[in-house]
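Coordinates in review
Listed below, chain by chain, are the residues.
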Amino acid sequence: MSELNTTALKILENGKGILAADESTGTMTKRLEAVKVPSTPENRLLFRETLFSASSMTGCIGGVILYDETIKQKSTNKYSIPELISKMGSIPGIKVDTGAKVLANSLDEKITEGLDGLRDRLKEYYKLGAKFTKWRGVYNITKEHPSKLAIYSNAHALARYAALVQECNMVPIVEPEVLMDGNHSAHDCFIKTSEVIQKCFEELILHKIDLSGIILKPNMILSGAESKNKIDGKEIAKMTVECLKISVPTEVPGIAFLSGGQSEIEATENLDLINKQNNTNFIMSFSYGRALQQSALKHWSKDINNIEETQKIFNHRARMNTLAAQGKWSKELENK
Ligand code: 5MM
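Residues numbered from 1 in each chain as written. Predicted model: local features only at pLDDT ≥ 70, side-chain atom pairs only at ≥ 80, totals over all residues. Heavy atoms only, no water.

Attention now moves to helix 9 (residues 233–247). For an α-helix, 3.6 residues make a turn, and residues three or four places apart therefore share a direction. If you check helix 9, its first and last C-alpha atoms are 21 Å apart, about what 15 residues at 1.5 Å a residue would give, namely 21 Å. What helix 9 keeps buried is the set Gly-233, Ile-236, Ala-237, Met-239, Thr-240, Val-241, Cys-243, Leu-244 and Ser-247. Looking at the buried residues of helix 9, the elements they touch are helix 8 (186–206), strand 8 (215–216), strand 9 (254–257), helix 10 (264–277) and strand 10 (283–288). (Helix = DSSP H or I, 4+ residues; strand = E, 2+ residues; numbered from the N terminus. Expected span 1.5 Å × (residues − 1). Buried < 20%, exposed > 50% of the residue type's maximum accessible area, 1.4 Å probe, protein only. Contact = heavy atoms within 4.5 Å.)

Structure, rendered in structure tokens:
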């Protein structure tokens, strides 16, 4: 078993999942302003530190994805943030892409940037304590999109990123996100997501990636947010498992879904249904941003020094998702 495989398995063992706290300053500012808290470095740290020191970090959160600002900050007890996360029994990781930009010659689509200088940045993050990384490609569904150009160029960038990350002894999270925006059907999402993931693996294999040392972070198969023909949770789970079964090589140890705009409960329920139907060898867990943080952030904004209550809310979400990652969640447990 390679060291990278051991790390990937450790992040996702026993129903653990990942807390995606890697919002760039722009996104975090939107989140904080929406709940009327000024977006200062101190406030961004305070909210994140509140989550990182919650008791569910031990046992439910196997890894935390940080943003450049946070990985360099110190917690109130003077530990660096990666030290705090490690002390809580979790593993620190870092987002290393520099964002999705307009794709030349297909101006309604995006290409994720950040390869220039990446090798040196990775060395720095490794020294700061990161053991894994994340890079997100984004794709939208319309009649013409995602285009072959967007599918190929993002897959190529993800593979070049993954190669550099493994060279630096860290586990790359490969995140191709097919967005929920639009009125497409779940069938369209299935077809496009399968094509996107399959192209990613074609490129990952070409770039000689050790597939046992990565984590895939895909979207679930959902109908578009504006679609009138919604499918139920069981169908979402069935199509999601099928898509991954036909698209992901068996060497990959784990899949950690993004929540992508689902409500907290939807994201938990769908993950649970996926695991109740999971007839593959892949671990299927979570790597949620909004679906782990929304209620906690709302509560925290009422009194940013009420750490205990905010942690209670976060702990509940983390525990519910850990149950869901094992197919053991129920509405009764949710409302207990
Ligand atoms: C936490 O948000 C990440 C993106 O931040 P920026 O847009 O500011 O770069 C995002 O990649 C996130 O990690 C994933 O989409 C999962 O988050 P959700 O909220 O979809 O579960």
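The discussion continues.
On to the side chain of Ser-106. Mapped onto the secondary structure, Ser-106 falls in strand 5 (residues 106–112). Here Glu-109 takes part through its side chain, which lies 2.6 Å from a polar atom of the side chain of Ser-106. (Polar contact = N/O pair within 3.5 Å; in protein donor to acceptor, adjacent residues only side chain to side chain.)

Reading around the circumference, 1-2-3-6-7-8-9-10 is the order of the 8 strands in this closed barrel, with parallel pairing throughout. Examined bridge by bridge, strand 6 (residues 132–139) and strand 7 (residues 171–178) share 8 bridges and lie parallel to one another. Residue Trp-135 lies in a different strand from strand 7, and its bridge partner there is Val-174. Strands in contact with helix 7 (residues 148–167) are strand 6 and strand 7; relative to strand 6, the strand with the most contacts, it is inclined by about 175°. (Pairing = 2+ DSSP bridges. Axes fitted to C-alpha atoms, helices over the stretch in contact; angles between N-to-C directions.)

All right, on to the nonpolar core then. One finds Phe-52, Ile-61 and Tyr-161 to be the most contacted residues of the largest nonpolar core, which totals 90 residues. It is helix 7 that provides the largest number of residues to this core, a total of 9 residues. Among residues more than four places away in sequence, those in contact with Phe-52 are Leu-19, Ala-21, Met-57, Val-64, Leu-66, Thr-70, Ile-81, Leu-84, Ile-85 and Met-88. Core analysis: the next-biggest nonpolar cluster, separate from the first, contains 13 residues, Leu-4, Ala-8, Leu-12 and Ala-20 among them. (Core = buried A, V, L, I, M, F, W, Y, C linked by side-chain atoms within 4.5 Å.)

Tracing the chain through its elements places Ser-194 in helix 8. Remark: the alpha-carbon pair of Ser-194 and Ile-221, spanning 27 residues in sequence, is separated by 9.7 Å. Apart from residues lying up to four places away in sequence, Ser-194 is in contact with Cys-243, Ile-246 and Ser-247.

Overall, the coordinates contain 19 salt bridges when judged by the stated rule. Across the salt bridge formed by Lys-10 and Glu-13, the nearest N and O atoms sit 3.9 Å from each other. Of the residues examined, Lys-10 reaches a relative accessible area of 43% and is grouped as partly exposed. By relative accessible area, Glu-13 is classed as partly exposed at 28%. The residue Asp-272 makes a salt bridge to Lys-276 at a minimum N-O spacing of 2.4 Å. Of this pair, Asp-272 and Lys-276 both sit in helix 10, 4 residues apart, roughly one helical turn. (Salt bridge = Lys/Arg side-chain N within 4 Å of Asp/Glu carboxyl O.)

Before going further, it helps to spend a moment on unusual backbone geometry. His-145 connects to Pro-146 through a cis peptide bond whose omega is -5°. Structurally, Pro-146 is set in the loop between strand 6 and helix 7. Within the chain, Asn-105 stands out as a residue other than glycine whose phi angle is a positive 70°. Within the fold, Asn-105 resides in the loop between strand 4 (100–103) and strand 5.

Before going further, it helps to spend a moment on the packing of helix 8 against helix 9. Direction vectors running N to C along helix 8 and helix 9 enclose 25°, while the axes themselves pass 9 Å from each other. Compared by their axis directions, helix 8 and helix 9 come out roughly parallel. Of the two possible hands of crossing, helix 8 and helix 9 adopt the one that is right-handed. Where helix 8 abuts helix 9, its residues Ala-186, His-187, Phe-190, Thr-193, Ser-194, Ile-197, Gln-198 and Phe-201 lie against Met-239, Glu-242, Cys-243, Leu-244, Ile-246 and Ser-247. (Parallel < 35°, antiparallel > 145°, perpendicular 65-115°, else oblique. Left-handed = near helix turned anticlockwise from the far one by under 90°.)

This part covers the pairing of strand 3 (residues 91–95). As a general feature of sheets, a regular strand has side chains that alternate between the two faces. With 5 of its 5 residues buried, strand 3 lies for the most part within the structure. Residues Ile-91, Gly-93 and Lys-95 point to one face of strand 3 and Pro-92 and Ile-94 to the other, with burial holding for every one of them. The pairing of strand 2 (residues 61–66) with strand 3 spans 4 bridges and is classified as parallel. Directly across from Val-64, in strand 3, lies its bridge partner Pro-92. Examined bridge by bridge, strand 3 and strand 6 share 3 bridges and lie parallel to one another.

All right, on to the pairing of strand 7 then. Of all 8 residues in strand 7, 8 are buried, a share of seventy percent or more. Across the two faces of strand 7 the burial is the same, with Val-171, Ile-173, Glu-175 and Glu-177 and Pro-172, Val-174, Pro-176 and Val-178 all buried. With respect to chirality, the unit in which strand 6 leads through helix 7 into the neighbouring parallel strand 7 is right-handed. Sheet topology note: the strand 7/strand 8 ladder contains 2 bridges and is parallel. Its bridge partner lying in strand 8, Ile-173 is registered against Ile-215. Between the parallel elements strand 7 and strand 8, the chain passes through helix 8 in a crossover that is right-handed. (Right-handed = clockwise from strand over helix to strand, strands pointing away.)

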